[in-house]
Amino acid sequence: MKRILTGLQPSGTLHVGNYFGAIRPMVDLQGQGEVFLFLADLHALTSTRDAAELRQYTREAAIDLLACGLDPARTVFWRQSDVALHAELMWILSTVTPKALMERAVAYKDKVQKGLPADVGLFTYPILQAADILLYDADLVPVGKDQMQHLEMTRDIAIKINETYGEGTLKLPEAQVSEEVAVVPGLDGQKMSKSYGNTVVLFGDEKTTRKRVMSIVTDSTPLEAPKDPSGSTVVALYKLFASKEDVARMEDEHRAGGVGYGTFKQRLFEAMWEFFAPMRARREELLARPDYVNDVLRDGAARAREVGERTMARVRAAVGID
Ligand code: ADP
Ligand code: TRP
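Note that the structure is predicted; figures quoted are calculated from it, not measured.

S.K.: What am I meant to see in the side chain of Arg3 here?
M.R.: Looking at where Arg3 falls in the secondary structure, it is placed in strand S1 (residues 3–8). Among the residues examined, Arg3 registers a relative accessible area of 13% and is labelled buried. A polar atom in the side chain of Arg3 sits 2.8 Å from the backbone oxygen of Tyr136. Ignoring any residue separated from it by four or fewer positions in sequence, one finds Arg3 in contact with Glu34, Phe36, Tyr136, Asp137, Ala138, Asp139, Leu140 and Val307.

S.K.: Would you take a moment to explain the packing of aromatic side chains for this structure?
M.R.: One pair of aromatic rings is described through two measures. These are the centre distance and the angle between the planes. Under the definition given, this model contains 14 aromatic pairs. Each ring, one from Tyr19 and one from Phe276, has its centre 5.2 Å from the other, and the planes form 85°; the classification is edge-to-face. With a gap of 257 residues between them, Tyr19 in helix H1 (residues 16–29) and Phe276 in the loop between helix H13 (261–275) and helix H14 (277–287) connect regions that are remote in the sequence. Take Tyr19: its relative accessible area is 5%, and that puts it in the buried class. The exposure class of Phe276 is buried, given its relative accessible area of 2%. Residues Phe36 and Tyr136 carry aromatic rings whose centres are separated by 5.7 Å and whose planes lie at 50° to one another, so their mutual orientation is tilted.

S.K.: How do you make sense of the site of ligand 2 when you look at a structure like this?
M.R.: Taken together, 13 residues lie around ligand 2, and Gln9, Tyr125, Gln129, Asp132 and Gln147 are the ones closest in. Here a nitrogen atom of ligand 2 sits 2.7 Å away from a polar atom, N or O, in the side chain of Asp132. Gln147 is positioned with one of its side-chain polar atoms (N or O) 3.1 Å from a nitrogen atom of ligand 2. If ligand 2 stood free it would expose 370 Å²; the protein chains cover 87% of that surface. Going through the elements one at a time, S1, helix H8 (125–134) and strand S4 (140–143) are the ones with two or more residues in the shell around ligand 2. Per-element accounting of the shell around ligand 2 gives the leading share, 4 residues, to H8. Grouping the constituent residues of the shell around ligand 2 by class yields 6 nonpolar, 6 polar and 1 charged.

S.K.: Can you help me understand the domain arrangement of the protein chain in this one?
M.R.: Interfaces are frequently sized by the accessible area removed from exposure as the parts join. According to the domain assignment, the protein chain consists of domain 1 (3–184 + 290–319) and domain 2 (204–275). Centre-to-centre, using C-alpha coordinates, domain 1 lies 37 Å away from domain 2. Summed over both sides, the interface between domain 1 and domain 2 buries roughly 340 Å², with carbon and sulfur atoms accounting for 92% of that surface. Taken together, the links from domain 1 to domain 2 amount to 0 salt bridges. Put simply, domain 1 and domain 2 have 0 residue pairs in polar contact (both at pLDDT 80 or more) between them. Per-class residue counts for the side of domain 1 that touches domain 2 are 4 nonpolar, no polar and 1 charged.

S.K.: Explanation requested: the packing of helix H12 (residues 244–256) against H13 in the structure shown.
M.R.: How two helices sit against one another is set out by the angle between their axes and by the gap between those axes. Close contact between H12 and H13 brings their axes to 11 Å; oriented N to C, the two are set at 170°. In terms of orientation, H12 and H13 fall into the roughly antiparallel class. Taking contact as the criterion, the partners of Arg249, Met250, Glu253 and His254 in H12 are, on H13, Tyr261, Phe264 and Arg267. Partitioned by chemical class, the residues of the contact of H12 with H13 number 3 nonpolar, 1 polar and 3 charged.

Rules used in this analysis
- Counting starts from 1 at the beginning of each chain's written sequence and moves along it residue by residue.
- Chains carry letters from A onward and ligands carry numbers from 1 onward, assigned in written order.
- Only residues with pLDDT of at least 70 get local features here, since the model is predicted, and only at 80 or more are side-chain atom pairs given and counted; chain-wide, interface and lining totals rely on the full set of residues.
- Heavy atoms from the whole structure form the basis of all side-chain values; hydrogens and water molecules are not counted.
- Helix and strand assignments follow DSSP, with helices taken as H or I runs no shorter than four residues and strands as E runs no shorter than two, numbered in order from the N terminus.
- Accessible area is worked out with a 1.4 Å probe on protein chains only. A residue is then buried under 20% of its type maximum, exposed over 50%, and partly exposed in between.
- As used in this structure description, the phrase polar contact means that two N or O atoms lie within 3.5 Å; if the pair is within protein, one of them must be able to donate a hydrogen and the other to accept it, and residues adjacent in sequence are counted only when both atoms belong to side chains.
- It only takes one pair of heavy atoms within 4.5 Å for two residues to be counted as in contact.
- Pairing of aromatic side chains requires ring centres within 6.5 Å, counting the rings of Phe and Tyr and the six-membered ring of Trp. Pairs whose planes differ by under 30 degrees are stacked, by over 60 edge-to-face, and all others tilted.
- We call a residue near a molecule or strand as soon as one heavy atom of that residue lies within 4 Å of the molecule or strand.
- Computed with a 1.4 Å probe, the accessible areas rest on the Shrake-Rupley method; for each residue, only the protein chains presented here act as cover.
- Following the grouping adopted for this structure description, the nonpolar residues are Ala, Val, Leu, Ile, Met, Phe, Trp, Tyr, Cys and Pro, the charged ones are Asp, Glu, Lys and Arg, and the polar ones are all others, Gly among them.
- Domain delimitation in this document rests on an assignment produced automatically or drawn from a domain database.
- A quick way to say it: buried area is the sum, across both parts, of accessible area lost when two parts are put together, with a 1.4 Å probe.
- By definition, a salt bridge exists where a carboxyl oxygen of Asp or Glu is found within 4 Å of a side-chain nitrogen of Lys or Arg.
- Throughout, an axis means a line fitted to C-alpha atoms (over the contacting stretch in the case of helices), and angles, computed between N-to-C directions, take values from 0 to 180 degrees.
- Any angle between 65 and 115 degrees counts as roughly perpendicular, while under 35 counts as roughly parallel, over 145 as roughly antiparallel, and the rest as oblique.

Printed below as a string of structure tokens:
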């Protein structure tokens, strides 16, 4: 059975784009392999400087993922910082990583350009990511296109270790890029992203969520006039939640005219609210059982540590610190 591993940075409240782009694909992988999923809070430190905020995002992400169907009986689910081996392996990897390799990192340059401080931690972020992956002998790493380069770097670093300390010291992982995961549009029609302030959060209250949906930007075509469904953010979002028939009906009503955007948005809200209802109910249960969530993360960390220790025993022996 293949080991499939991925990490999610707890750097904001999860939104509808995260659900369709990351959470649902991960939940669907359960059963297709041995799934390892962790909350990359050490990585999040490169962008979050507020302890209370990081704590809250990490906890929220754990609860939201469990509510969305992450099953701890089938998936090893833990918080990165609970397994100190990630940091230990990172150091060893950094001793063979050419600085020039990091200098080619596109994500680092992007983040600095967007205003993040050019700290060493941000610079060596890909080495920590390599450690996350190599520590568990992962076979497959499902990631978005933006993470491809980090996966290439992970392989380069593993090759360097194997060349230096012997073949078989570390296992080379493969990236699994899902082309079919569509980009979910935000309220303004751009990609939904916390950095653009155009998100609908997954588990907002009813009033706020309705207000967000009603604020979707539309053109100023009058109610009576025909409208173009292909350019409509409302239709694009509705497709995620409604049946084919309901989507076809909304598209026909766009073309026919006589129905305003307000009505379409209202219908989108209803469909979205209903879609997430079972997950919302599960989340309410989880919120009432804080100890359960702690237990899940603690057990997950113990299972992860056991696997990680085996790799580290191999690595420590290979480099001479056993
Ligand atoms: P954000 O853009 O809000 O900062 P992240 O970069 O933290 O989100 O993304 C976390 C995960 O969610 C990644 O796997 C990313 O590909 C996915 N994701 C984020 N926004 C979208 C979106 N609008 N459509 C599809 N997937 C998304
Ligand atoms: N860098 C990834 C992102 O921003 C998160 C991440 C950290 C990760 N460690 C990982 C993803 C290991 C896959 C494997 O989305």
